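Analysis of the macromolecular model
Listed below are the residues making up each chain.
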Amino acid sequence: MAQVAPEPMTMDREALVKRFGDLEDKEGAVEFVTMRDGWKLKRESWTPAGTEVKGVMLFFHGTGESTRTVGMRRLAFACLKRGIVLETYDRHGHGDSLHKNGKPFMPPAFAGSMIDTKGTNTEHAVEIAELVMKKHGKPLMIMGHSGGGETAHDH
(Lines give C-alpha, C1' and ligand atoms only; values in the text may rest on other atoms or scores of the structure.)
Protein backbone atom coordinates (compact mmCIF):
# COMPACT_ATOMS: atom_id res chain seq x y z
CA MET A 1 0.00 0.00 0.00
CA ALA A 2 1.30 3.44 -0.88
CA GLN A 3 2.48 5.74 1.91
CA VAL A 4 0.11 8.72 2.17
CA ALA A 5 1.78 12.12 2.54
CA PRO A 6 0.89 14.00 5.74
CA GLU A 7 -1.12 17.18 5.60
CA PRO A 8 1.24 20.02 4.55
CA MET A 9 0.88 21.92 7.81
CA THR A 10 2.00 18.88 9.83
CA MET A 11 4.86 17.79 7.58
CA ASP A 12 8.32 17.60 9.04
CA ARG A 13 10.17 17.85 5.74
CA GLU A 14 13.55 16.94 7.23
CA ALA A 15 12.21 13.69 8.73
CA LEU A 16 10.40 12.79 5.50
CA VAL A 17 13.49 13.48 3.36
CA LYS A 18 15.58 11.35 5.69
CA ARG A 19 13.10 8.48 5.35
CA PHE A 20 12.01 8.79 1.71
CA GLY A 21 14.46 11.09 -0.12
CA ASP A 22 13.84 14.55 -1.61
CA LEU A 23 10.18 15.44 -2.02
CA GLU A 24 7.91 18.43 -2.64
CA ASP A 25 6.30 19.37 0.67
CA LYS A 26 3.68 21.73 -0.78
CA GLU A 27 0.42 20.58 -2.30
CA GLY A 28 0.00 21.34 -5.96
CA ALA A 29 -2.75 23.50 -7.43
CA VAL A 30 -6.00 21.58 -7.00
CA GLU A 31 -9.12 21.73 -9.14
CA PHE A 32 -12.05 19.44 -9.81
CA VAL A 33 -13.17 18.65 -13.34
CA THR A 34 -16.30 16.79 -14.43
CA MET A 35 -15.73 14.20 -17.13
CA ARG A 36 -18.18 13.62 -20.00
CA ASP A 37 -19.51 10.51 -18.23
CA GLY A 38 -20.32 12.45 -15.03
CA TRP A 39 -17.34 11.51 -12.84
CA LYS A 40 -15.93 14.46 -10.88
CA LEU A 41 -12.15 14.03 -10.72
CA LYS A 42 -9.66 15.84 -8.50
CA ARG A 43 -6.69 17.20 -10.47
CA GLU A 44 -3.44 18.37 -8.94
CA SER A 45 -0.53 20.11 -10.65
CA TRP A 46 2.88 21.47 -9.74
CA THR A 47 4.45 24.15 -11.95
CA PRO A 48 8.11 25.22 -11.68
CA ALA A 49 8.60 28.79 -10.49
CA GLY A 50 11.22 31.13 -11.89
CA THR A 51 12.28 28.91 -14.77
CA GLU A 52 11.16 28.19 -18.30
CA VAL A 53 8.82 25.20 -18.51
CA LYS A 54 10.40 22.53 -20.72
CA GLY A 55 7.48 20.13 -20.85
CA VAL A 56 4.61 18.50 -19.00
CA MET A 57 4.46 15.10 -17.30
CA LEU A 58 0.98 13.59 -16.99
CA PHE A 59 1.08 10.88 -14.35
CA PHE A 60 -1.49 8.11 -13.82
CA HIS A 61 -1.31 6.64 -10.28
CA GLY A 62 -1.77 2.98 -9.45
CA THR A 63 -4.81 1.16 -8.13
CA GLY A 64 -5.56 2.01 -4.51
CA GLU A 65 -3.46 5.19 -4.64
CA SER A 66 -4.13 8.90 -5.11
CA THR A 67 -2.36 12.22 -5.66
CA ARG A 68 -1.48 12.31 -1.94
CA THR A 69 1.25 9.66 -1.82
CA VAL A 70 4.85 10.25 -0.83
CA GLY A 71 5.82 8.84 -4.24
CA MET A 72 3.80 11.58 -5.93
CA ARG A 73 5.54 14.22 -3.83
CA ARG A 74 8.92 12.76 -4.80
CA LEU A 75 7.95 12.82 -8.48
CA ALA A 76 6.77 16.44 -8.11
CA PHE A 77 10.15 17.39 -6.63
CA ALA A 78 12.04 15.67 -9.47
CA CYS A 79 9.87 17.33 -12.15
CA LEU A 80 10.08 20.82 -10.64
CA LYS A 81 13.86 20.53 -10.31
CA ARG A 82 14.04 19.84 -14.07
CA GLY A 83 11.61 22.55 -15.22
CA ILE A 84 8.78 20.11 -15.90
CA VAL A 85 5.14 20.64 -14.92
CA LEU A 86 3.63 17.62 -13.16
CA GLU A 87 -0.07 17.06 -13.81
CA THR A 88 -1.94 14.21 -12.14
CA TYR A 89 -5.41 13.32 -10.93
CA ASP A 90 -7.23 10.92 -8.63
CA ARG A 91 -8.66 8.19 -10.84
CA HIS A 92 -12.38 7.59 -10.45
CA GLY A 93 -13.11 5.88 -7.14
CA HIS A 94 -9.74 6.91 -5.68
CA GLY A 95 -8.64 9.71 -3.33
CA ASP A 96 -11.07 12.61 -3.67
CA SER A 97 -12.67 11.41 -6.96
CA LEU A 98 -15.66 9.67 -5.39
CA HIS A 99 -18.64 11.40 -7.03
CA LYS A 100 -20.46 10.59 -10.24
CA ASN A 101 -23.35 12.67 -11.60
CA GLY A 102 -23.30 14.83 -8.46
CA LYS A 103 -23.75 11.93 -6.03
CA PRO A 104 -21.33 9.86 -3.96
CA PHE A 105 -20.58 6.73 -5.97
CA MET A 106 -19.20 4.83 -3.01
CA PRO A 107 -18.42 5.42 0.67
CA PRO A 108 -14.96 6.94 1.33
CA ALA A 109 -13.95 3.74 3.16
CA PHE A 110 -14.01 1.96 -0.22
CA ALA A 111 -11.87 4.53 -2.03
CA GLY A 112 -9.37 2.80 -4.27
CA SER A 113 -11.56 -0.22 -4.92
CA MET A 114 -11.75 -1.56 -8.45
CA ILE A 115 -14.84 -0.07 -10.04
CA ASP A 116 -16.21 0.53 -13.51
CA THR A 117 -14.33 -0.71 -16.51
CA LYS A 118 -10.83 -0.40 -17.86
CA GLY A 119 -12.39 1.64 -20.65
CA THR A 120 -13.41 4.31 -18.15
CA ASN A 121 -9.78 4.76 -17.06
CA THR A 122 -8.71 5.18 -20.68
CA GLU A 123 -11.55 7.59 -21.50
CA HIS A 124 -10.68 9.75 -18.49
CA ALA A 125 -6.97 9.65 -19.33
CA VAL A 126 -7.68 10.92 -22.84
CA GLU A 127 -9.97 13.70 -21.56
CA ILE A 128 -7.41 14.79 -18.95
CA ALA A 129 -4.58 14.68 -21.53
CA GLU A 130 -6.62 16.91 -23.85
CA LEU A 131 -7.16 19.43 -21.02
CA VAL A 132 -3.47 19.37 -20.07
CA MET A 133 -2.26 19.86 -23.65
CA LYS A 134 -4.68 22.76 -24.15
CA LYS A 135 -3.64 24.37 -20.85
CA HIS A 136 0.13 24.20 -21.29
CA GLY A 137 0.89 23.94 -25.02
CA LYS A 138 4.18 22.18 -24.24
CA PRO A 139 5.52 18.70 -25.06
CA LEU A 140 3.55 16.07 -23.12
CA MET A 141 5.06 12.98 -21.52
CA ILE A 142 2.80 10.28 -20.11
CA MET A 143 3.84 8.04 -17.24
CA GLY A 144 2.01 5.67 -14.95
CA HIS A 145 2.51 3.24 -12.10
CA SER A 146 0.90 -0.19 -11.81
CA GLY A 147 -2.73 0.12 -13.05
CA GLY A 148 -1.89 3.69 -14.11
CA GLY A 149 1.00 2.30 -16.16
CA GLU A 150 -1.44 0.04 -17.97
CA THR A 151 -3.60 3.08 -18.75
CA ALA A 152 -0.53 5.01 -20.00
CA HIS A 153 0.49 2.02 -22.14
CA ASP A 154 -2.98 1.86 -23.72
CA HIS A 155 -2.39 5.30 -25.28
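Just so we're clear, the structure is a prediction, and the values are computed from it rather than from any experiment. (Residues numbered from 1 in each chain as written. Predicted model: local features only at pLDDT ≥ 70, side-chain atom pairs only at ≥ 80, totals over all residues. Heavy atoms only, no water.)

1. Concerning the overall build of the protein chain
Selection criterion: In this text, helices come from DSSP runs of H or I with a minimum length of four residues, and strands from runs of E with a minimum of two, each type numbered from the N-terminal end. Each residue is placed in one exposure class: buried if its accessible area under a 1.4 Å probe, protein chains only, is under 20% of its type's maximum, exposed if it is over 50%, and partly exposed if it falls in between. Here, residues are in contact when the closest pair of their heavy atoms is within 4.5 Å. Only the protein chains shown count as cover for residues, and all accessible areas are computed by the Shrake-Rupley method using a 1.4 Å probe.
Regarding its fold elements, the protein chain presents 4 helices and 7 strands. Listing every helix and strand of the protein chain by position from the N terminus yields α-β-β-β-α-β-β-β-α-β-α. Across the 155 residues of the protein chain, 45% fall into the buried class. Contacts in the protein chain between residues at least 24 apart in sequence constitute 71% of all its contacts with a sequence separation of at least 6. By element, 54% of the accessible surface of the protein chain is carried by carbon and sulfur atoms, the whole surface being about 8,300 Å².

2. Observations concerning the nonpolar core
The criterion, for reference: The definition of a nonpolar core used throughout is a set of buried Ala, Val, Leu, Ile, Met, Phe, Trp, Tyr and Cys residues joined through side-chain atoms within 4.5 Å.
Formed by 15 residues in total, the largest nonpolar core has its most connected members in Met35, Leu41, Leu58, Phe60, Tyr89 and Ile128. At the level of elements, β2 (39–46), β3 (55–60), β4 (84–89) and α3 (118–136) are the ones that each hand at least two residues to this core. Element by element, the count of residues in this core is highest for α3, at 4 residues. Other than its neighbours up to four places away in sequence, Met35 contacts Leu41, His124, Glu127 and Ile128. Grouped together as the second largest cluster of nonpolar side chains are 10 residues, Met72, Leu75, Ala76 and Leu80 included.

3. Side note on the packing of aromatic side chains
Filter applied, for reference: Pairing of aromatic rings covers Phe, Tyr and Trp, the last through its six-membered ring, and needs centres within 6.5 Å; plane angles under 30 degrees mean stacked, over 60 mean edge-to-face, and all others mean tilted. Over a ring means this: the NZ of a Lys or the CZ of an Arg is within 6 Å of the ring centre and within 35 degrees of the ring normal.
Counted by the stated rule, this structure contains 2 aromatic pairs. Measuring from centroid to centroid gives 4.7 Å for Trp39 and Phe105, while their planes differ by 55 degrees, and the two rings are tilted. Residue Trp39 is located in strand β2, and its partner Phe105 is located in the loop between β6 (103–104) and α3; the two are separated by 66 residues in the primary sequence. Taking the relative accessible area as the measure of exposure, Trp39 reaches 0% and is therefore buried. When the centroid spacing of 5.9 Å and the interplanar angle of 75 degrees are considered together, the rings of Phe60 and Tyr89 count as edge-to-face. Here Tyr89 lies in strand β4 and Phe60 lies in strand β3, a separation of 29 residues in the sequence. The two residues Phe60 and Tyr89 agree in class, both being buried. The lysine or arginine in question, Lys40, covers the ring of Phe32, its NZ or CZ lying 5.3 Å from the ring centre.

4. A look at the pairing of β2
Here is the rule: At least two DSSP bridges between two strands are required for those strands to pair.
The element β2 is largely enclosed, with a buried count of 7 among its 8 residues. Both strand β1 (residues 29–34) and β2 contribute to a ladder of 6 bridges, which runs antiparallel. Each bridged residue has a counterpart across the sheet, and for Thr34 the counterpart in β2 is Lys40. Connecting β1 to the next strand, β2, in antiparallel fashion are 4 residues, including Gly38 with a positive phi near 100 degrees. With 2 bridges joining them, β2 and strand β5 (residues 99–100) adopt antiparallel strand pairing. Bridge pairing links Trp39 to Lys100 in β5. With 4 bridges joining them, β2 and β4 adopt antiparallel strand pairing. Pairing of Glu44 across the sheet is with Thr88, part of β4.

All we've got here are geometric facts, nothing functional implied.
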